[in-house]
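# Structural overview for review
Residues per chain, in single letters:
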Amino acid sequence: IQTFDISEKTSRLTTTTEIKSLSLPVGWKCYRSPEGQKYYVNISTKAVWQRNGSFDDASCLSPQSPGSTSPARRQNKEKEIKETKITINCVTFPVPASALEQQLLKPSEWSYCDYFWADKKDPQGATVSGFEVLLQKQLKGKQMQKEMAEFIRERIKIEEEYAKNLSKLSMFPMAAQEEGTLGEAWAQLKKSLADEAEVHLKFSSKLQSEVEKPLLTFRGDNFKKDMKKYDHHIADLRKQQVSRYAAVEKARKALADRQKDLEVKTQQLEIKLSNKTEEDIKKARRKSTQAGDDLMRCVDLYNQAQSKWFEEMVTTSLELERLEVERVETIQQLLRQYTTLRHETDMFNQSTLEPVDQLLQSVDPAKDRELWVKEHKTGDLRPVDMDI
């Protein structure tokens, strides 16, 4: 086999019987079989290209450009890509069969950054992105926080009303004339209502300052503005990705049209040889190569846009995840404060009853009778029989 090394694209291919000017890409070598058949080998990829007859442009040997790939190889490549990847709403995903190779970014954590890449349909049939689902969770959390504050406000109103009624009841003059040890116990019970009213007033005041107010002020008005910034930022990146995908599809169609035109002109050359037809083929090849380069550029820009969207999605979703953890832990702490105050209220209420319990234990019917008799007796001389 006779070998000719081609080290630069401007090198010349030379044989012992003929000299033919031919520009080959870097890395390709020309070989001749014992039968005299020429074929070409890419040193790096070991790809072999063979064609009967002569050719005018070595661009068909270049593996870097979709425009210069042979139709059969291009179809196989596209089929291979289509079998492993799928584009949904302008986002490219691996097909489920090949997705097994993907590892979760945060395994075993059920992290936001792993489960909200695809779009979904809402109950009305509208398309909702995964990021919008995360934003809705944040806004729903803000609403739940607001409703909890409203609930605590109602609890405060009940406590205030209860305290007011207890205080009012404690001043009612009912059974005020009860006497003795029982009268003392009754008076203490009425007083305990006033003490209990004071406990509930303090409870309502602490609820307002230590539970309701923090619920209302946690993540103020700027929170929704921040969420809108996140929304607009991710939406803009997604729009750019959609635009880049449209450019890819346009370039893909243009390449298909150029390749079809090249195939038609090649067939015409096989039927009728003419300088004009050969010139047309050269021109068609150049346009096909240019279309392939355009497609590669558009795909590269699309991948850059998708990569930027991916990075921002990971960063922002992790931030939303952190905010949700913060929200849950904050509300957990505030509700624990509620239960602490409630236990304190029970304890203070119990203390108001201790004097009542003590006096009730001291109630003595005999003692009360003695005290009452001493105060209200009318005479201790009993009647006797009348003498005649």
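Everything discussed here concerns the structure shown above.
Structural notes, computed from the coordinates. Please read all numbers here as calculations on a predicted model, not as lab measurements. (Residues numbered from 1 in each chain as written. Predicted model: local features only at pLDDT ≥ 70, side-chain atom pairs only at ≥ 80, totals over all residues. Heavy atoms only, no water.)

## Re the nonpolar core
Counting 16 residues, the largest nonpolar core has Phe 131, Met 227, Trp 309, Met 313 and Leu 320 as the members making the most contacts within it. Within the residue set of this core, elements represented by two or more residues are α3 (112–115), α4 (130–170), α6 (222–271) and α7 (275–361). A total of 5 residues in this core trace back to one element, the largest contributor, which is α7. Among the nonpolar cores identified, the runner-up in size contains 11 residues, and Ala 149, Ile 152, Leu 207 and Leu 334 belong to it. (Core = buried A, V, L, I, M, F, W, Y, C linked by side-chain atoms within 4.5 Å. Buried < 20%, exposed > 50% of the residue type's maximum accessible area, 1.4 Å probe, protein only. Helix = DSSP H or I, 4+ residues; strand = E, 2+ residues; numbered from the N terminus.)

## Thoughts on the side chain of Asp 368
Secondary-structure assignment places Asp 368 in helix α8 (residues 365–376). Despite being buried, Asp 368 has no salt bridge partner; Lys 367 is the closest side chain of opposite charge, sitting 8.2 Å away. In contact with Asp 368, not counting residues within four places along its chain, are Glu 179, Gly 180, Thr 181 and Leu 182. (Lys, Arg positive; Asp, Glu negative; His and termini not counted. Salt bridge = Lys/Arg side-chain N within 4 Å of Asp/Glu carboxyl O. Contact = heavy atoms within 4.5 Å.)

## Things to note about the side chain of Ser 204
Relative to the elements of secondary structure, Ser 204 occurs in helix α5 (residues 180–217). Among the residues examined, Ser 204 registers a relative accessible area of 3% and is labelled buried. Setting aside chain neighbours within four positions, we find Ser 204 in contact with Ile 156, Glu 159 and Glu 160.

## Some words on α5
Structurally, the α-helix is built with 3.6 residues per turn, so residues lying three or four positions apart point the same way. Over its 38 residues, α5 extends 55 Å from the first C-alpha to the last, a length consistent with the 56 Å expected when each residue adds 1.5 Å. Maximum bend of α5: about 35°, positioned at Gln 208. Following α5 by one or two positions, Arg 219 adopts a phi angle in the positive range, close to 60°. (Expected span 1.5 Å × (residues − 1). Bend = angle between axes of the 7 residues up to and from the residue.)

## A word on the environment of Thr 217
Take Thr 217: it is sitting in helix α5. The exposure class of Thr 217 is exposed, given its relative accessible area of 53%. Taking the C-alpha atoms as reference points, Thr 217 and Ala 149, 68 residues apart in sequence, are found 9.8 Å from one another.

## Some details on the pairing of strand β7 (residues 85–88)
The sheet contact formed by β7 and strand β8 (residues 91–94) spans 4 bridges and is antiparallel. Looking at β8, one finds that Ile 88 is bridged to Val 91. Turn length for the β7-β8 hairpin, with the two strands adjacent in sequence and antiparallel, is 2 residues, and the turn residue Asn 89 shows positive phi of about 50°. (Pairing = 2+ DSSP bridges.)

## Side note on a positive patch on the surface
Taken together, the side chains of Lys 146, Lys 224, Lys 225, Lys 228 and Lys 229 define a basic patch exposed on the protein surface. In terms of residue count, the dominant contributor to the positive patch is α6 (4 residues). Tracing the backbone through its elements, the reader meets Lys 229 in helix α6. Taking relative accessible area as the criterion, Lys 229 reaches 58% and is therefore assigned exposed. (Patch = residues over 30% accessible without salt bridge, like charges linked within 9 Å, V, L, I, M, F, W, Y side chains within 5 Å. Areas by Shrake-Rupley, 256 points an atom, 1.4 Å probe, with all protein chains shown as cover. Charge placed at Lys NZ, Arg CZ, Asp CG, Glu CD.)

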